[in-house]
Every structure is written in structure tokens, then in C-alpha cells.
Amino acid sequence: MATAANTTAGAAKDGAPVATTAATSPAKTLSGIVKQVLSGDTVVIRASKGAPPPEKQITFSHVLAPKLARRPGAGGDETKDEAWAWESREFLRKKLIGQEVTFTFDKPANSNREYGFIWLGKDKETGENVVESIVREGLVTVRREGRPTPEQQTLIELEDQARAAGRGKWAQNCNALDKVRNIKWSHENPAHIVDVYGGKPVKAIIEHVRDGSTVRAFLLPDFHYITLMISGIRCPGVKLDADGKPDLSVKVPFADEARYYVETRLLQRDVEIRLESVNNSNFIGSILYPKGNIAESLLREGLAKCVDWSMAVMKTGADKLRAAERIAKEKRLRQWQDYQAKTPAFNSKEKDFTGTVIEVFNGDAVNVRLANGQVKKVFFSSIRPPRDQRAVVGTDGEEIVKAPPRGKNYRPLYEIPHMFDAREFLRKKLINKKVQCNLDYISPMRDNFPEKHCYTVLIGGQNVAEAMVAKGLATCVRYRQDDDQRSSAYDQLIAAEQQAIKGLKGLHAKKDNATLRVNDLTVDHSRIKVQYLPSWQRALRTESIVEFVASGSRLRIFIPKDSCLVTFLLAGISCPRSSRPALNGVPAQEGEPFGDEALTFTRERVLQRDVSVHIDTTDKAGSSVIGWLWTDQNVNLSVALVEEGLAEVHFSAEKSEYYRMLKSAEDRAKATKKNIWANYVEQVPEEKVVIEEEKDEKTPVERKVNYENVIVTEITESLTFFAQSVDNGPKLETLMAKLHADFQANPPIAGSYTPKRGDLVAAQFTFDNQWYRAKVERIQGTNASVLYIDYGNKETLPVSRLAALPPAFSSEKPHATEYVLALVTLPADNEDKEEALRAFSDDVLNHKVQLNVEMKVFGGPNLATLHDPTTKTDFGKQLVAEGLALVEKRRERKLKELLEQYRVAQEAALAAHLAIWKYGDITQDDAPEFR
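Residues numbered from 1 in each chain as written. Predicted model: local features only at pLDDT ≥ 70, side-chain atom pairs only at ≥ 80, totals over all residues. Heavy atoms only, no water.

**Student:** Help me understand the overall build of the protein, please; the structure alone is not making it clear to me.
**Tutor:** Counting secondary structure elements, the protein contains 21 helices and 45 strands. The C-alpha atoms of the protein give 44 Å as radius of gyration, which overshoots the globular expectation for 931 residues (30 Å, by more than 25%). The principal-axis extent of the C-alpha atoms belonging to the protein is close to 150 × 90 × 50 Å. The buried share of the protein, reckoned over its 931 residues, is 46%. Long-range contacts, defined here as pairs at least 24 residues apart, represent 60% of the contacts in the protein between residues at least 6 apart. Carbon and sulfur atoms make up 49% of the accessible area of the protein, which amounts to about 50200 Å² in all. Charge-centre separation for the protein: the mean point of 131 positive side chains lies 6 Å from the mean point of 128 negative side chains. (Helix = DSSP H or I, 4+ residues; strand = E, 2+ residues; numbered from the N terminus. Rg over C-alpha atoms; globule rule 2.2 N^0.38 Å. Buried < 20%, exposed > 50% of the residue type's maximum accessible area, 1.4 Å probe, protein only. Contact = heavy atoms within 4.5 Å. Areas by Shrake-Rupley, 256 points an atom, 1.4 Å probe, with all protein chains shown as cover. Lys, Arg positive; Asp, Glu negative; His and termini not counted. Charge placed at Lys NZ, Arg CZ, Asp CG, Glu CD.)

**Student:** Please clarify how the packing of aromatic side chains should be interpreted in this entry.
**Tutor:** The geometry of an aromatic ring pair is captured by two quantities: the separation of the ring centres and the angle between the planes. Counted by the stated rule, this structure contains 26 aromatic pairs. Their ring planes at 85 degrees and their centres at 5.7 Å tell us that Trp336 and Tyr339 sit as a pair that is edge-to-face. We classify Trp336 as buried; its relative accessible area is 4%. Consider the rings of Phe765 and Phe767, whose centres lie 6.4 Å apart with planes at 45 degrees: the pair is tilted. Positioned above the aromatic ring of Trp630 is the side chain of Arg541, whose terminal nitrogen or guanidinium carbon lies 3.8 Å from the ring centre. (Phe/Tyr/Trp six-rings, centres within 6.5 Å; stacked < 30°, edge-to-face > 60°. Lys NZ or Arg CZ within 6 Å of the ring centre and 35° of its normal.)

**Student:** Would you take a moment to explain the domain arrangement of the protein for this structure?
**Tutor:** In terms of domains, the protein is made up of domain 1 (28-177), domain 2 (190-336), domain 3 (353-389 + 411-508), domain 4 (519-579 + 592-677) and domain 5 (704-725 + 816-930). Relative placement of domain 1 and domain 4: their C-alpha centres are 92 Å apart. (Domains from an automatic or database assignment.)

**Student:** Sorry, what's going on with the UniProt feature "domain: Tudor" (unreviewed entry) in the protein here?
**Tutor:** If you check UniProt for "domain: Tudor" (unreviewed entry), the listed places come out as residues 754-812 in our numbering. Strand forms 49% of residues 754-812 and helix 0%; the C-alpha atoms that close the span are 23 Å apart. (UniProt positions renumbered as here; feature names shortened; annotations may be inferred.)

**Student:** Help me understand the sheet that holds strand β40 (residues 802-804), please; the structure alone is not making it clear to me.
**Tutor:** The strands making up a sheet associate through hydrogen bonds between their backbones, and the pairing can be parallel or antiparallel. Read from one edge to the other, the open sheet built from five strands follows the order β39-β38-β37-β36-β40, with strand pairing classed as antiparallel. Edge positions in the sheet fall to β39 (794-798) and β40, since each has one partner strand and no second. Across the sheet, the mean angle from the axis of one strand to that of its neighbour is 50 degrees, orientation sign disregarded. Each of β36 (760-764), β37 (771-780) and β40 touches helix α18 (residues 729-745); the most contacted strand, β37, lies at about 75 degrees to it. (Pairing = 2+ DSSP bridges. Axes fitted to C-alpha atoms, helices over the stretch in contact; angles between N-to-C directions.)

**Student:** Sorry, what's going on with helix α14 (residues 526-538) here?
**Tutor:** Each α-helix turn comprises 3.6 residues. Residues three or four places apart therefore point the same way. Maximal helix bending in α14 amounts to about 55 degrees, located at Tyr532; proline Pro534 follows within four positions. Those residues of α14 not exposed but buried are Ile528, Tyr532, Leu533 and Trp536. Buried residues along α14 sit against β26 (519-520), β27 (542-549), β28 (554-559), β29 (564-570), β31 (610-618) and β32 (624-630). (Bend = angle between axes of the 7 residues up to and from the residue.)

**Student:** In this structure, what is going on with unusual backbone geometry? I would like to understand it.
**Tutor:** Trans is the prevailing form of peptide bonds, just as negative phi is the prevailing case for residues other than glycine. For the peptide bond that leads from Leu220 to Pro221, omega is 5 degrees, which places it in the cis range. Note that Pro221 resides in the loop between β9 (214-219) and β10 (224-230). One non-glycine residue, Asn846, adopts positive backbone phi at about 65 degrees. With respect to the element layout, Asn846 can be found in the loop between α19 (830-844) and β43 (848-855). Judged by relative accessible area, Asn846 falls into the exposed class, the value being 55%.

In C-alpha cells:
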């Protein structure tokens with residue numbers, strides 16, 4: 001490989017080579033690959049083989065490059081660049097890094113350096129002489145002392161040509177200060193630098209590779225000199241001695257190989273760096289080179305391992321790092337050569353499934369019902385719910401000392417800070433919603449706890465565990481680095497936790513976490529009648545949460561307004577007793593027929609749902625309250641149980657306003673022989689002839705006048721209208737403000753709600769994108785026609801703009817009531833009809849008027865007249881008087897006098913040939929001869 005050179009070099013006084021006699025040893029010729037350019041006249045060349053291969057530093061013969069700046073602490077004080085130093089270094093770097101070269105070198109007797117020439121390629125006869133090239137560009141100075149050798153003479157001639165052409169440092173009009181870098185060697189506030197670049201890729205040059213996962217680099221064009229720890233990974237590094245200095249005597253497996261792997265791909269290459277965080281004075285970030293993320297390559301080769309703490313700061317790509325590491329594990333490469341997988345194999349049925357959430361357990365698990373009716377308990381992967389603050393927790397999050405036991409009435413849901421918030425978050429988000437469950441691992445049985453199947457649970461594509469952690473309602477489990485039993489989205493969980501800590505949310509808030517004070521009236525019954533019952537009886541409905549279902553008609557409810565837990569019995573029905581398991585020494589009890597079915601029916605409809613109740617009284621012992629309960633779909637649960645044949649009407653219901661509904665439901669259940677009525681035989685009563693007294697048709701009936709101030713909000717094409725009571729205006733405004741605030745704080749997930757005809761829903765009005773109460777009138781494919789019940793207007797919307805109406809807003813009656821304009825009908829002609837509606841709208845729409853109900857109609861809108869509050873003008877009669885509408889033909893005696901006034905007005909309009917009467921009596925068209 002080596003050949004003799006015709007000339008050799010001696011050493012000048014400063015160590016540079018000069019011509020010597022032939023007695024000097026001949027120069028050697030070798031080939032290799034350029035690893036690094038130290039300056040405009042010095043390079044490091046490595047051999048083509050070996051891992052890592054041997055290296056040689058070569059200084060160019062007969063030339064001197066401007067000196068590069070030196071950072072403080074690197075063997076001396078800080079120095080600045082000499083002019084053109086960076087340009088000469090960059091010229092060589094761009095030309096030589098990673099290239100195969102041929103070079104000659106020799107070492108003068110009185111020098112520690114080796115000097116020589118370099119040619120690109122394998123053949124110096126045909127390859128480009130790099131020393132001559134850099135001289136030709138005017139980026140170095142040729143030494144001219146002593147008697148020049150032929151090679152030196154050639155360089156002198158090239159330099160003279162560069163001077164004459166004004167190239168490089170020989171340029172005439174160039175300011176030398178413009179060719180000196182302003183390097184920022186240190187940074188007082190590294191985090192500010194991260195914020196400045198904002199996570200965007202920054203062009204950089206890698207200057208030094210300390211180990212496989214730590215490098216030094218210049219950020220361009222500002223020349224920030226940084227030490228960068230690669231995000232998400234850690235490579236084997238050099239061991240440190242007792243003084244904290246590298247101990248080179250200790251060989252760490254794969255450390256040299258990892259450093260060599262990075263050097264061959266990154267050292268002095270143009271790369272992009274994405275700064276993501278800081279650790280003390282070091283930066284943390286990702287390095288992107290032409291083949292992708294260097295971290296992925298290192299992981300894929302088994303030269304690095306994932307690190308959770310720095311992976312949490314990554315903006316993107318953490319999942320790719322995990323996947324790359326998994327490949328190395330499966331192939332047992334390098335650091336993973338002894339790896340044994342700890343994760344058990346799962347069958348496809350238990351691994352992934354879709355189901356409906358039916359129950360939430362505190363803050364870390366849910367019950368999910370599958371399509372086949374099977375119920376599975378699903379634990380959230382890699383998170384912990386809020387825990388008892390008396391427990392002693394280690395740095396890894398594990399309890400070192402468990403909390404001492406509490407009393408028998410201890411309720412962790414309410415007494416552990418944020419546990420109730422966590423449960424409520426899950427309850428509102430998941431109950432009765434479809435979720436996708438992906439099995440991550442099975443936690444084995446320990447400490448008398450059974451094994452747990454841990455899943456990543458998704459709703460609408462969102463990871464529920466991640467949402468909890470982001471709100472500070474759960475924390476991440478910390479694992480050993482080699483523990484694979486973790487969430488498939490673990491890195492996202494860690495990142496969410498960091499954001500929650502930064503935002504001081506939930507568990508991470510600095511203020512003391514107070515427990516939820518709950519008045520447990522299931523234990524302390526004495527305050528039910530005295531303190532709470534009167535206000536509950538006065539309330540039309542009270543919003544509640546069903547916490548537990550003991551039987552079909554016995555529940556435990558939580559009333560947030562009063563922060564009370566109380567046992568609640570359904571009024572008006574008698575429900576079969578359900579079976580009870582053996583508990584605390586009490587033997588199991590068999591249930592009555594259909595008792596368990598009634599329990600299941602009630603659980604499926606109200607457990608952990610928002611409901612509204614009206615409490616009538618208490619039981620004899622005063623330990624439970626009795627009342628009526630409406631589900632989140634506004635269904636009376638007592639009536640629903642009776643209709644399903646799972647309860648019968650109790651005699652106490654006879655005095656209730658719901659007795660007729662209960663009796664009708666029971667009759668229907670009996671007729672269809674449902675459940676408890678399966679063997680029911682109807683008894684046929686004896687027929688009784690009842691002779692009704694004939695009413696005296698001559699008895700006078702007076703018209704009642706009771707004006708109510710209203711605002712007309714909508715008018716329909718059939719001359720019906722919707723009106724709001726003026727007295728209820730503030731109440732409506734308060735309701736709307738609360739509804740809008742609730743949906744702004746908890747926006748619904750598009751597509752998570754499937755509306756049905758007749759549902760009371762929240763609908764997003766197209767005009768202002770706000771949410772209002774509405775009733776679904778019709779479903780057509782992906783669209784729904786709705787009636788806004790507080791305003792009377794209708795609209796057809798995509799079902800994605802509908803959402804379940806929170807129970808807190810369903811109990812209040814509609815604020816807009818529909819009426820029929822009494823005694824008036826529209827003309828048959830469409831143009832005349834439009835003119836009448838236009839005139840009526842001008843008079844009353846969005847105006848404050850007085851309304852009088854003239855006649856109540858069973859099963860339909862009441863008949864009403866509208867009057868001007870000041871002039872007392874009857875707007876219906878005015879339409880007739882102006883010839884825009886006709887008088888309706890009616891026979892009700894109490895309307896006789898008013899109807900006569902309308903007929904007189906119509907006769908006057910006809911006589912004056914007004915509007916529809918312009919060409920005479922249009923009612924004559926109804927005569928037989930015109931049919």
C-alpha cells in the first residue's frame with residue numbers, strides 16, 4: 001500500500017516542514033476516509049476497516065491556515081477566529097468529510113506532527129491534490145522559507161495566481177472582520193434558546209461526538225455552541241472515576257461502537273437539530289440527518305435504549321423510537337443479546353374489542369359491556385388514580401408505606417383529594433359511550449389483588465388515560481428501563497404529565513388538596529327530616545347522581561347541591577326483591593322472581609347517570625327518602641319498571657299525579673303478560689250501566705279574560721305562533737348562559753351521540769354556533785329536523801351538531817309555547833296568505849304583546865288572541881278588519897260574543913272591498929254551483 005516519495009520534509013524552527021537532504025526517511029503513501037477537518041490545514045483520516053478503525057492526523061505540508069477560535073477551558077483562554085479561518089475549514093469539510101482519499105506523510109525528526117499531501121480518490125496520479133486546491137482558492141498561506149522543493153514551488157506559483165486574482169484572503173475590498181465568527185460558547189438561559197427556535201428544525205454542524213447519544217454542535221447561522229443530549233435515548237458511555245473524570249481503563253460494552261456509528265454518520269455533517277428541552281446546561285433535542293432520525297438508527301441497531309424522561313419532551317416521533325427498539329429486541333442485537341420478552345401472548349379476542357362503558361371504578365378502571373352482553377373490567381394502562389395522602393411514596397411512584405386503615409364508614413371516592421374529580425371526569429366522558437379497548441399487558445396477581453387486564457381506552461380517537469393525566473387527575477406509573485409491560489402510548493402519557501405539572505393542574509397544584517365534604521345520610525339519618533327534606537320537597541326537581549343500585553327500586557344517590565349521600569326509594573311501585581350475596585358473615589339470600597331482572601333494568605338505565613328526582617317523603621324509620629326519579633332521557637323510572645312488568649303499582653300511588661300513567665303502564669304489561677304478569681288472568685267485571693246526566697246546553701258560559709305579557713318569537717305558515725312569557729325572561733337568560741358555559745367547558749365529541757325521534761337534545765344553531773335545547777322531530781339519514789323548544793323555530797341539522805342534553809337542563813319546561821291565533825283563518829290564495837303572514841309578523845313578531853287564552857285544546861295548541869298593550873288592539877280582529885284574513889266558523893258558546901265582533905269586522909272589510917275582498921265575496925266560491 002505504501003510507496004516511496006521523491007522528496008521529504010524537514011522541520012523549520014516553528015515545526016513546519018522544509019526541504020531536507022535525501023538522508024531523511026522516505027514518505028509513506030496510504031489510503032483512508034476523512035473523518036474530521038480540524039482546520040484549513042489539518043485533517044483526521046481513519047482506515048477503511050475496523051470498528052472503530054485506527055486514525056491518523058495529517059497536517060498539510062508547506063502551508064499555514066488561519067487559526068480557528070478556541071473555546072474557554074479547552075486547554076487555555078478563549079481566542080477568536082483569525083480572518084478566513086472558518087472559510088478554509090469549511091472548504092475542506094465540504095470537500096473531504098466521508099470521502100476516500102490517498103495521502104503521503106512523513107514525520108520530521110524534531111516534530112510531533114505528521115505532514116503530507118492528500119488526493120481525492122484511490123489514485124494520487126489522477127486524483128485532485130487537495131493542498132493545491134485550497135492554495136488555489138486563496139484560503140491558506142504557503143511557506144516560502146529555505147530552498148523550495150518542486151511541490152513547494154508549485155504551491156508558491158498557485159498562491160501567486162490567487163493573489164493576482166484576488167481570491168479568498170487575498171481579496172482587495174474585503175473587510176477582515178467580516179470573516180470572523182461571533183461564537184456564543186455559553187448560554188446563561190438555555191431554556192430561552194429553546195423557546196426562540198420554537199421546536200423548529202435548525203441547521204447545524206456536529207463538531208464533536210462525546211458518546212453515541214451526546215454531541216457538541218454549532219447552530220447556524222448564529223454560531224451557538226451547544227452540548228446536545230439526543231432526545232429519547234441513551235447509549236453506553238465512558239465510565240467516570242471517583243473524581244468525575246473519564247476512566248479509559250474501564251471498557252464499557254458497545255460504547256466505542258456506538259460512538260463510531262454516530263461519528264461516521266454525523267461528525268462534521270450538515271444536519272438539522274430540533275431543540276426540545278434543557279437539562280442543566282445541556283440541551284435536549286433530536287438530530288435529523290439525510291436518512292432520518294439518528295436516534296431511530298441507533299435503537300434499531302441495538303446501540304441505544306429508550307429513556308422515558310427525555311422521551312417525554314419530544315414533540316413527535318416517540319412511537320417510532322419505541323418501534324425501533326422493539327426491532328432490536330426481537331433480533332436480540334448488541335445490548336439486547338440476552339433479552340427475554342416478559343409480555344405474555346394474548347389471543348385476539350381479549351386483546352382488542354369495542355364496547356359500551358356501563359360503570360366507572362374510582363379513577364383507574366371501567367366496566368365495558370360487549371356486543372354479546374359480556375361485561376369486562378378494563379383497567380387503564382400505566383396510570384394511577386389519586387391516592388391516600390397518608391401513604392409514603394417512593395421516587396418511582398410506588399407506595400413504600402401504605403396508608404393506615406380507616407374506619408368502616410370510610411369512603412375513598414369522597415375523602416381522597418381529586419378522586420371524586422377523576423371519577424366524575426370519567427363518568428361524564430364515558431358512561432353509556434362506545435369505546436375502543438386495546439390490551440397492553442396483564443398485571444399479575446399480588447398483595448391479595450387479582451390480575452388486572454390493562455388497556456389503552458380510546459373514545460373518538462382520544463386516549464382517555466392521556467386526557468386524565470393532562471388534567472392532573474392521574475399520574476404515570478414509573479417503570480424499570482427493561483420493563484415492557486406498559487401502555488402503548490406511554491410516551492404521550494409522560495408528556496401529558498409534564499404539561500400538567502408545568503400548568504399546576506389537579507394533583508400537581510401547589511395549594512393543599514382539600515377532601516370533598518360529604519354528608520353521608522345513609523349512616524347519619526337524623527338530619528334527613530329536619531335539615532334537608534323540606535327544601536327537597538319544595539324543589540320541582542333536584543339534580544342527582546346514582547352511585548349504587550341495591551335493587552330495582554332501591555338506590556343510593558348523591559345530591560351535589562347539598563353534597564349529600566342518601567338512600568332513595570322509588571315511589572308508587574312495589575318491586576320484587578333481588579338476590580344478595582354472602583357478605584361479612586351474613587348468608588346469601590335468594591331473590592324473588594324477576595328481582596334480579598328488575599335490578600339489571602335499573603342499573604342499565606341509571607347507574608352513575610345524571611338523573612333528576614322529586615322527593616315526597618321518607619320511609620317510616622326516616623332512614624331513606626321516597627320519591628320519583630327521571631332518567632337522563634327524561635323517563636319516569638317507576639313507570640318504566642311497571643311497563644316492563646318488573647314492578648306493580650303500589651296503593652300509595654293513588655294520590656299521586658302519576659297514578660294514571662302508572663295504571664296505564666301496568667295495564668299494558670298485563671295485556672302483553674310481561675315478566676311478573678306472565679301468568680296473569682284478567683278478571684272480567686260485571687257491566688254497570690251508567691247514565692250520564694245531560695248537560696244543560698242553555699247554561700251560560702262566560703269568556704274569561706286574563707292577559708299575560710309575552711314576546712312572540714316565531715310565526716308558522718299555518719298562523720300558529722310561539723310566545724315566551726315576559727316574566728320568565730331572566731330565568732331563560734340564566735338558563736342559556738349556563739348551557740352555553742357548560743358546552744364551552746365540556747364540548748361534546750362529534751358523532752358520539754345517536755339521536756332518536758322525540759329526544760330532547762342540545763343542538764348547535766347554525767346562525768351563531770351556540771348550543772340550545774331542542775326536540776328531534778325527524779331523522780333523515782345523517783340529518784335531523786329539530787324544534788328549538790325555548791324559541792319555537794325549526795332547523796334541519798347534521799346529526800354531528802346534536803349532543804345529549806345534560807340532565808341539569810332537561811327538567812325545566814320549554815320557554816316557548818305554541819298557540820293558534822283564535823277565530824282567524826288564512827285565505828286559500830298563496831299570495832294573499834303571504835301578505836297576511838307578513839302583516840301579522842310586522843305587528844307582533846319579537847314585540848311585547850298581551851295574550852289571552854280563549855280556549856284550551858286537549859292534545860294541541862291552545863287558541864289565543866293577541867292584543868297591543870297600549871291601544872288594546874286585537875291583532876287577529878285587525879287582520880280581519882283589513883281584509884287580510886277570514887273569520888273561522890266555530891260554535892263554542894263562550895266565544896259567541898267575540899266571534900260576532902270578528903264577523904262585523906269581516907262584513908265591513910267586504911263592504912269596503914279591502915284586500916282579499918277586492919273583487920267581491922270570495923266565500924261564494926264554496927257554494928255548490930262552483931264545485
